[in-house]
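Remarks on the overall topology
Here's the letter readout for the chains.
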Amino acid sequence: MNEIKIALLGLGTVGCGVAKILQSHGAELAERAGCRLAFGRVADADLTRPRDGLDLARLPLTADAGQAIDDPSVQIVIELIGGLEPARTFILRALQAGKHVVTANKALLAHHGTELFDEARRHRVMLGFEAAVAGGIPLIRAVKDGLPANRIVPPLGSSTATATTSFPK
């Protein structure tokens, strides 16, 4: 079974939750994904603080986020440090290295979303952000996956757009 290595940036509340899920449900996730998911690196500024319910000895810890991003075995970077910087710089670095990125950082997407999505497109990688908009996940999925076959046009004499399904001829 193939293995996908993940770099986790941030081991706060959300980062610990992600790590716990991967540690406790790794076999189930592998079965559903069709590949094993494993941490290549887990980066946090404070590696000494205990995290309840998380076995830190089983994690490939580093205090250097750059080392986690630059690890050639890592294919996906999960950014959970929050704030604008250094999160923006870390995500840009990961995208430029050809790594897929997942973030839950609402503020960063609000301030720098266009730049980040442009960079992801430029390097042909994905920037996942559904974790940042939990209540909007069904809407995002519908717009992203369900509307590509639709053509949104205003009716004649109206400024209000309606959706029509059209297929290429």
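Presented here is a report on the structure given in the accompanying data block. (Residues numbered from 1 in each chain as written. Predicted model: local features only at pLDDT ≥ 70, side-chain atom pairs only at ≥ 80, totals over all residues. Heavy atoms only, no water.)

The subject of this paragraph is the pattern of salt bridges. All told, the structure shown has 10 salt bridges when counted by the stated rule. Linking Asp46 and Arg49 is a salt bridge whose minimum nitrogen-to-oxygen distance equals 4.0 Å. Overall, Arg49 belongs to the partly exposed group, its relative accessible area being 39%. The partner of Asp70 in a salt bridge is Arg93, and the shortest N-O contact between them spans 2.3 Å. Taken together, the positions of Asp70 in helix H2 (residues 65-70) and Arg93 in helix H3 (residues 87-96) put the pair 23 residues apart, joining distant regions of the chain. Put simply, Glu3, Lys5 and Arg36 are held in one network by salt bridges that share partners. (Salt bridge = Lys/Arg side-chain N within 4 Å of Asp/Glu carboxyl O. Buried < 20%, exposed > 50% of the residue type's maximum accessible area, 1.4 Å probe, protein only. Helix = DSSP H or I, 4+ residues; strand = E, 2+ residues; numbered from the N terminus.)

Our next topic: the sheet that holds strand E3 (residues 61-62). The strand order E3-E2-E1-E4-E5-E6 describes an open sheet built from six strands, whose pairing is parallel. The strands lining the two open edges of the sheet, one partner per strand, are E3 and strand E6 (127-128). Those strands touched by H3 are strand E1 (3-9), strand E4 (74-79), strand E5 (100-103) and E6, and its axis lies near 155° from that of E5. (Pairing = 2+ DSSP bridges. Contact = heavy atoms within 4.5 Å. Axes fitted to C-alpha atoms, helices over the stretch in contact; angles between N-to-C directions.)

Read these as geometric descriptors, not functional statements.
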